[in-house]
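In case you want the letters, here they are:
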Amino acid sequence: MRYVALGDSFTEGVGDPNKHLPNGVRGWADRVAEGLARHEPGWEYANLAIRSKRLRHILAEQLGPAVAMEPSLVTLYAGGNDVMDIGTRVADILAQYEALVAGLAATGAQLLLFTGYDIEVSAVLAPLRRKNHLYNDGVRRIAGRHGAVVVDFATFEAYRNPHFWCPDRLHMSKAGHKYMAGQVMDLLGVPHGIGPKHKKQGPAPTWRQWGRDQYRWTTEWVLPMFARKLRGVTLGDTLTPRWPEPVRVPRRKGLRKLAPGPRARGAPAEERNRGGRGD
């Protein structure tokens, strides 16, 4: 039994920092792999996802290795970065996406696909919402044609909770990754103890606080993201997959038991909780 995860920052685990694991993150896919192994020992796991990757990169760099691993289970989240790129057409995005899905479906593995959440971060990114809706509709149609299961992230009401998001407002927090792992395991019929923990929300921010938050978000996240776009670089350029070859997942203590050392290899500290979708 072998589980292979493909994609970008969403599947790499950005937003769920862990200094003991490769690239300094954990994420929902690691949690699913550990849940599978606890439920049914013997599962192997590979995670080929790297933050910032577009569909063309995943087709070129991840599809071939994933197919060669002869997986039993495949998860794919891809296309979000393409949606956020200026000038891309949804029809072209979905054509690449379906080529990727067709290649994975041909392995005979159980295939899980994800829609993208409609993040309401700012009026700055509002024009992308319609594009994301069209992309999600396409993912659902493609899943139907290839017998895949849809993890319909776009419909998960729990993610209205700000606690489920990182300061960049684009990546899930640790709480968001844990909840996603639970949703995936529910679809797979794997028992788990993950449940949402609702933190009490404080009073609504004043206009001054709201303005300060918007300014900080724009200067610390939005402007650097677009600067990288103009330079043609991404935060994933120097990274390698976290688990590039299948590893046998320990039933106890999880993947941390297999980590290469006390410090995570791969991402520099300043990149461990940054980058991915849209950069």
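Below, the structure is looked at part by part.

1. Some details on the nonpolar core
- Formed by 37 residues in total, the largest nonpolar core has its most connected members in Y3, W28, F153, Y159 and M180.
- Elements with a minimum of two residues in this core: strand 1 (2–7), helix 2 (28–39), strand 3 (73–77), strand 4 (110–114), helix 8 (174–188) and strand 6 (243–248).
- Aside from chain neighbours lying at most four places away, what touches F153 is F10, Y77, T115, G116, Y117, Y159, W165, M172 and M180.
- With 28 residues, the next largest nonpolar core counts L55, V101, I142 and A143 among its residues.

2. Concerning the sheet that holds strand 4
- The strand order across the open sheet built from 6 strands is 5-4-3-1-2-6, with neighbouring strands paired in mixed fashion. The open sheet has two edge strands, strand 5 (149–151) and strand 6, and neither has a second partner. Direction aside, neighbouring strands of the sheet carry axes that sit 15° apart on average.
- When strand 1 meets strand 2 (residues 44–47), the two strands line up parallel, connected through 4 bridges. Across the sheet, residue R2 finds its bridge partner in strand 2, namely E44.
- Strands in contact with helix 7 (residues 128–146) are strand 4 and strand 5; relative to strand 4, the strand with the most contacts, it is inclined by about 165°.

3. A few points about the pairing of strand 4
- Along strand 4, 4 of the 5 residues are buried, which leaves the element largely enclosed by surrounding structure.
- Where strand 3 lies against strand 4, 4 bridges are found, and the strand directions are parallel. The residue of strand 4 that forms the bridge with T75 is L112.
- Relative to strand 5, strand 4 runs parallel, the two sharing 3 bridges. Its bridge partner lying in strand 5, F114 is registered against V151.

4. Topic: the environment of L63
- Looking at the element boundaries, L63 is found in helix 4 (residues 63–68).
- In this structure, the C-alpha to C-alpha distance between L63 and A99, residues 36 residues apart in sequence, is 10.0 Å.
- Among residues more than four places away in sequence, those in contact with L63 are L6, I58, L100, G103 and L104.

5. Section: the packing of aromatic side chains
- By the definition in use, this model includes 19 aromatic pairs.
- Considering the side-chain rings of F10 and F114, the 5.4 Å spacing of their centres and the 65° angle between planes classify their relative orientation as edge-to-face. Here F10, found in helix 1 (residues 9–12), pairs with F114, found in strand 4; they are 104 residues apart in sequence, far enough to count as distant.
- Its relative accessible area of 9% is what places F10 among the buried residues.
- The exposure class assigned to F114 is buried, which follows from its relative accessible area of 0%.
- Three or more aromatic residues joined by ring pairs make a cluster, and in this case those are F10, W28, Y77, F114, Y117, F153, F156, Y159, F164, W165 and Y179.

6. Examining helix 7
- Between its first and last C-alpha, helix 7 extends 27 Å over 19 residues, near the 27 Å set by a 1.5 Å rise per residue.
- Where helix 7 is concerned, the buried positions are K131, N132, Y135, N136, G138, V139, I142 and A143. Across the axial projection of helix 7, the buried residues extend over an arc of 165°, all falling on one side. The exposed residues of helix 7 that point more than 90 degrees off its buried face are R130, G144 and R145.
- Residues of helix 7 that are buried sit in contact with helix 5 (80–84), helix 6 (90–105), strand 4 and strand 5.
- Directly after helix 7, the chain includes G147, whose backbone phi takes a positive value near 70°.

7. A short note on unusual backbone geometry
- The backbone of N23 shows a phi angle near 65°, a positive value even though the residue is not glycine.
- Turning to its location among the elements, N23 is positioned in the loop between helix 1 and helix 2.
- Judged by relative accessible area, N23 falls into the buried class, the value being 0%.

8. Things to note about the pattern of salt bridges
- All told, the structure shown has 13 salt bridges when counted by the stated rule.
- Between R2 and E44 there is a salt bridge whose closest N-O contact spans 2.6 Å. Residue R2 is found in strand 1, and its partner E44 is found in strand 2; the two are separated by 42 residues along the sequence.
- In this structure R2 comes out as partly exposed when scored by relative accessible area, which is 24%.
- Overall, the relative accessible area of 18% leaves E44 in the buried class.
- In this structure, R242 engages D30 in a salt bridge whose closest nitrogen and oxygen atoms are separated by 2.9 Å. Here D30 lies in helix 2 and R242 lies in the loop between helix 9 (207–231) and strand 6, a separation of 212 residues in the sequence.

Criteria and thresholds
Here the residue numbering is sequential within each chain, running from 1 through the sequence in written order. Thresholds applied to this predicted model are a pLDDT of at least 70 for local features of residues and 80 or more for the giving and counting of side-chain atom pairs; totals over whole chains, interfaces and linings are not thresholded and use all residues. Heavy atoms throughout the structure, all of them, feed into the side-chain values; hydrogens and water do not. In this text, buried Ala, Val, Leu, Ile, Met, Phe, Trp, Tyr and Cys residues form a nonpolar core when linked through side-chain atoms within 4.5 Å. Residue burial is assigned from relative accessible area. The probe radius is 1.4 Å, only protein chains are included, and a residue is buried under 20% of its type maximum, exposed over 50%, and partly exposed in between. Numbering of helices and strands starts at the N terminus; helices are DSSP runs of H or I of at least 4 residues and strands are runs of E of at least 2. The contact criterion used is simple: two residues touch if any of their non-hydrogen atoms lie within 4.5 Å. For two strands to be treated as a pair, DSSP must find no fewer than two bridges joining them. Helix axes are fitted only over the stretch in contact, all axes being lines through C-alpha atoms; the angle between N-to-C directions runs from 0 to 180 degrees. Put simply, two rings from Phe, Tyr or Trp (the six-membered ring, in Trp's case) pair if the centres are within 6.5 Å, and we call them stacked under 30 degrees between planes, edge-to-face over 60, tilted for the rest. To estimate the expected span of a helix, count its residues, drop one, and scale the result by 1.5 Å. What the arc measures is the spread of directions leading from the helix axis to the C-beta atoms. The salt bridge definition used is simple: a Lys or Arg side-chain nitrogen within 4 Å of an Asp or Glu carboxyl oxygen.

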